[in-house]
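# Analysis of the macromolecular model
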Amino acid sequence: MSYKRVKQAKVSDVIMAEIETMILEGSLKPGQRLPSERELAKEFDVSRPSLREAVQKLVAKGLLKSRQGGGTFVADDIGASFTDPLMELFASHPEAQYDLLEFRHALEGVIAYYAALRSTDADRQAILKSYENLEAHHESKDFREEVRADVDFHLRIAEATHNVVLLHTMRSLMGLLENNIMRNLEHIYPKPGHRTKIHGQHKVLMEAIFSGNPEAARNAAHEHLAYVEEALLAYGQEETRLERSLRRANINE
């Protein structure tokens, strides 16, 4: 019987695979700067030439970007499947906002479910920190920062699923999600009670995840998005009535 000779992996390929895993699992985030070459070589216990070769391969793959004199970064466009032109189309077609809400129902319900099942102490600390940041912007009524904190809160929950496909799907939606949340809240926040109600729903979702109850977490995600959808529908009906009244007023002048 003849045996195939086992080919020993190059050190640079092993390093490359390790960094790819860190990007895939979310330990290294889009736009994040990598530690210095010296620090990474020490961490991986490899020579700097081997590390440099691995980085060059990842740059060629488009996963990393080197900036002259500025270090090496994870590519900030990883997973950017929703491009600006498409976002503009969504923004110019109001019905697409409801389609996105329906998609969020499916995606975020699953995310909440698995976050409740799999979140670690470290995950829960990250979610809590994100929630406290959201709470601070809610209290100060810093609308733009509150929207960013809202998106970050949902991303931390996605990380807690330990499902790389769910995480990167959510990440790829970041720009679109921020745009969607901002447009939604611009319409419904001015109405009394909505802002406080929505913020309270975030807390219910977080507590359901922390309790380890996947069904309660999924229901909390659905109830939150259903409330937003109902508030938007009510806003749309009100706008329609206002436009009708203005037309009548113009006719009667």
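Now for a quick tour of the structure.

Cut-offs used in this document
- Residues numbered from 1 in each chain as written.
- Predicted model: local features only at pLDDT ≥ 70, side-chain atom pairs only at ≥ 80, totals over all residues.
- Heavy atoms only, no water.
- Helix = DSSP H or I, 4+ residues; strand = E, 2+ residues; numbered from the N terminus.
- Core = buried A, V, L, I, M, F, W, Y, C linked by side-chain atoms within 4.5 Å.
- Buried < 20%, exposed > 50% of the residue type's maximum accessible area, 1.4 Å probe, protein only.
- Contact = heavy atoms within 4.5 Å.
- Phe/Tyr/Trp six-rings, centres within 6.5 Å; stacked < 30°, edge-to-face > 60°.
- Lys NZ or Arg CZ within 6 Å of the ring centre and 35° of its normal.

With that settled, consider unusual backbone geometry. Of note, K141 is a non-glycine position whose phi angle comes to about 55 degrees, a positive value. Unlike most non-glycine residues, H162 shows phi in positive territory, near 55 degrees. In this structure, H162 sits in the loop between α7 (143–159) and α8 (164–172).

Core analysis: the biggest nonpolar cluster contains 29 residues, and I111, I127, F153, I157, L205 and I209 have the highest contact counts within it. Going through the elements one at a time, α5 (94–118), α6 (121–140), α7, α8, α9 (174–188), α10 (194–210) and α11 (214–252) are the ones with two or more residues in this core. By residue number, the principal contributor to this core is α7, which donates 7 residues. Not counting residues within four places of it along the chain, the set of residues in contact with I157 comprises I111, A112, A115, I127, L205 and I209. Counting residues in hydrophobic clusters, the runner-up holds 16 residues, among them I15, L28, A41 and L64.

This brings us to the packing of aromatic side chains. The description of an aromatic ring pair uses the distance of the two centres, along with the angle that the planes make with each other. One pass over the full model with this rule turns up 2 aromatic pairs. Taking 5.3 Å as the distance between ring centres and 80 degrees as the angle between the ring planes, the aromatic pair formed by Y113 and Y114 counts as edge-to-face. Among the residues examined, Y114 registers a relative accessible area of 28% and is labelled partly exposed. Seen in terms of ring centroids, Y131 and F153 are 6.1 Å apart; in terms of plane orientation they differ by 55 degrees. Their pairing is tilted. Of this pair, Y131 sits in helix α6 while F153 sits in helix α7, and the two are 22 residues apart along the sequence. Residue class for Y131 comes out buried when judged on its relative accessible area of 5%. The side chain of K197 reaches across the aromatic face of Y227, ending 5.8 Å from its centre.

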